[in-house]
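Secondary and tertiary structure notes
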Amino acid sequence: MTESRKAWGWGLASVDAAGNTLDVWYPQLELGDAPADDKRPNHDFGALVHDQADARGVRRVPVFTVSALDEPIVDAADAYLRLHLMSMRLAKPNTLNLDGIFGKLNNVVWTNYGPFAVEDFALRKLDVLKATAGSPLPTADVNVLSVDKFPRMIDYVVPSGVRIGDADRVRLGAHLAEGTTVMHAGFVNFNAGTLGTSMVEGRVSQGVVVGNGSDIGGGASIMGTLSGGGKLRNSIGEHSLLGANAGIGISLGDNCVVEAGLYVTAGTKVTIYDKAKVAAGQPLDVVKGAELSGKDNIMFIRNSVSGAIEARSRKKGIELNAALHKN
């Protein structure tokens, strides 16, 4: 039996009054077997560690985590380690076992003061405002950024060579390759992302990967596997374009285009356009979208006269603006 892959590292955990782990930050992680206890490096969190709860009711404690990456997630520290691995580019999407992740993560109130527990947030907010009222600086309010199980990626990991227009729209666990630009309306979920230079103006759902040189147009959507989306993982190959407000429930291969506003799912009836058959007056083949999933050099368009969705041959892929993605 093959031994499970492992990763390890020191993290700084936020623990609420009930003993629940709200988050864990890992500044550095290592792949492979963890060193023995007597050879384990010390953490370097220093004064960041607080054994006593602060005004939020939160303690900050160091945790040494060893994760068996092919096994189900065991706790929140393990879940955060795996999310960090993907955002640190130490693991690609769909290569880690994420079974049980939602059950291991707590719902958290994410604020400019850090994470709060949901249950007593109003009272803890009051305590924070009282604690800061004597400051010589003007008292800052507690601003709620979101209430969610997943935090923003860039509060934990800032990958090199990327641009992100709106930090709220990229979750921890997103994998953004160098040269990626996520525009303000773009969204990248955990366990999803890019494998090379890419433009993301639409939605990259959980489990979806986008190949080098591809463009997800404004308002475009790629069907993921959460919330009843099934188990099929869709992807986009290299130098392909998903047009503005378009969508796919199938994979695109290399050098493909889906025209703006067109949604192609596995069950969509697609006409295979063949010039020779048209010239000969022969009927064209009609297939389900699933039969074209992952195939290269296809342009999906809607015939403006008949309304039929057509797949036409396309020889060349798109080319992104190199200067735009030199991040």
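Each chain has its residues counted from 1, following the order in which its sequence is written. In keeping with the model being predicted, local features are shown solely for residues with a pLDDT of at least 70 and side-chain atom pairs are shown and tallied solely at 80 or more, while totals for entire chains, interfaces and linings include all residues. Just so you know, side-chain values use all the structure's heavy atoms and leave hydrogens and water out.

How we decide: UniProt positions are given in the numbering used here, feature names are shortened, and annotations may be inferred rather than shown by experiment.
The name recorded for the protein chain in an unreviewed UniProt entry is 2,3,4,5-tetrahydropyridine-2,6-dicarboxylate N-succinyltransferase, from Bifidobacterium callimiconis. Under the UniProt heading Function (unreviewed entry), the note attached to the protein chain is "Catalyzes the conversion of the cyclic tetrahydrodipicolinate (THDP) into the acyclic N-succinyl-L-2-amino-6-oxopimelate using succinyl-CoA."

Structural notes on the side chain of Thr194
Filter applied, for reference: The helix count covers DSSP runs of H or I at least four residues long, the strand count covers runs of E at least two residues long, and both are numbered beginning at the N terminus. Whether a residue is buried, partly exposed or exposed follows from its accessible area with a 1.4 Å probe, protein chains only, as a fraction of its type maximum: under 20%, in between, or over 50%, in that order. Nitrogen and oxygen atoms within 3.5 Å of one another constitute a polar contact, given that in protein one can donate a hydrogen and the other can accept it, and given that sequence-neighbouring residues count only through two side-chain atoms.
Among the structural elements, Thr194 can be located in strand E12 (residues 192-194). You can call Thr194 buried: its relative accessible area is 1%. Only 3.0 Å separates the side chain of Thr194 from the backbone nitrogen of Ala177, close enough to count as a polar contact. In this structure the side chain of Thr194 is engaged in a polar contact, spanning 2.6 Å, whose partner is the side chain of Thr180.

Let's talk about the sheet that holds strand E18 (residues 235-236)
Rules: Think of it this way: DSSP has to see at least two bridges between two strands before they count as a pair.
On the basis of which strands lie adjacent, the open sheet formed by four strands has the order E9-E12-E15-E18 and parallel pairing. What marks the edges here is a single partner per strand, and that holds for strand E9 (174-175) and E18. Here E12 pairs with strand E15 (residues 209-210) via two bridges, running parallel. Pairing of Thr194 across the sheet is with Val210, part of E15.

Focus on the sheet that holds strand E5 (residues 108-111)
Our working definition: Structural elements are reduced to axes, namely lines fitted to C-alpha atoms, with helices fitted over the stretch in contact, and the angle between N-to-C directions of any two is expressed from 0 to 180 degrees.
Sheet architecture is open: three strands sit in the order E6-E5-E7, paired in antiparallel fashion. Two strands in the sheet have a free side with no partner beyond their single neighbour: strand E6 (114-117) and strand E7 (144-148). Direction aside, the axes of adjacent strands within the sheet are offset by 25° on average.

Topic: the UniProt feature "active site" (unreviewed entry) in the protein chain
The test is simple: Only heavy atoms enter the contact rule, under which two residues are in contact if any of them lie within 4.5 Å.
When the UniProt feature table is mapped onto this chain numbering, "active site" (unreviewed entry) sits at Glu201. Under the relative-accessibility criterion, Glu201 is labelled partly exposed at 29%. Here Glu201 is in contact with Met183, Ala185, Gly186, Asp215, Ile216, Gly217, Gly218 and Gly219, once residues within four sequence places are set aside.

A word on the pairing of strand E26 (residues 309-313)
Relative to E26, strand E23 (residues 269-272) runs parallel, the two being bridged by two bridges. Across the sheet, residue Thr271 finds its bridge partner in E26, namely Glu310. Pairing between strand E25 (residues 298-302) and E26: five bridges, direction antiparallel. If you follow Arg302 over to E26, its bridge partner there is Ile309.

Notes on the nonpolar core
Which entries qualify depends on this criterion: Each nonpolar core is a collection of buried residues, namely Ala, Val, Leu, Ile, Met, Phe, Trp, Tyr and Cys, held together in the definition by side-chain atoms within 4.5 Å. As used throughout, domain bounds are those supplied by an automatic or database domain assignment.
Of all hydrophobic cores here, the largest spans 62 residues; its most connected members are Ile101, Leu242, Val258 and Phe300. Elements represented by at least two residues in this core include exactly strand E1 (6-15), strand E2 (21-25), helix H1 (76-87), E5, E25 and E26. Sort the elements by how many residues they give to this core and H1 lands first, with seven residues. Each of domain 1 (6-148) and domain 2 (163-313) gives at least three residues to this core. Leaving out residues up to four positions away in the same chain, Phe300 has contacts with Ile250, Leu252, Val257, Val258, Glu259, Leu262, Val264, Val270, Leu292, Glu310 and Ala311.

Description of the environment of Arg82
As for its placement among the helices and strands, Arg82 is situated in helix H1. In this structure Arg82 comes out as buried when scored by relative accessible area, which is 0%. Beyond its immediate chain neighbours, meaning those up to four positions away, Arg82 contacts Ser67, Ala68, Leu69, Glu71, Pro72, Ile73, Leu96, Asn97 and Leu98.

Details of the packing of aromatic side chains
This is how the line gets drawn: Any two rings among Phe, Tyr and Trp, with Trp reduced to its six-membered ring, count as a pair given centres within 6.5 Å; such a pair is stacked if its planes are under 30 degrees apart, edge-to-face if over 60, and tilted if neither.
This model, assessed by the stated rule, comprises eight aromatic pairs. Both rings, one in Trp25 and one in Phe45, keep their centres 6.4 Å apart while their planes meet at 45°; by these two values the pair is tilted. Of this pair, Trp25 sits in strand E2 while Phe45 sits in the loop between strand E3 (30-31) and strand E4 (59-68), and the two are 20 residues apart along the sequence. With relative accessibility at 30%, the residue Trp25 sits in the partly exposed group. For Phe45, a relative accessible area of 7% translates into the label buried. Seen in terms of ring centroids, Phe150 and Phe190 are 4.4 Å apart; in terms of plane orientation they differ by 20°. Their pairing is stacked. Residue Phe150 is found in the loop between E7 and strand E8 (163-164), and its partner Phe190 is found in the loop between strand E11 (187-188) and E12; the two are separated by 40 residues along the sequence. Here a set of aromatic residues connected by ring pairs shows up, and it is made of Trp8, Trp10 and Phe64.

What about unusual backbone geometry?
Non-glycine residue Arg89 carries a positive phi angle of around 65°. Of note, Arg89 is situated in the loop between H1 and helix H2 (101-104). The phi torsion at His239 lies on the positive side, around 55°, for a residue other than glycine. Relative to the helices and strands, His239 resides in the loop between E18 and strand E19 (241-242). Owing to a relative accessible area of 23%, His239 belongs among the partly exposed residues under this scheme.

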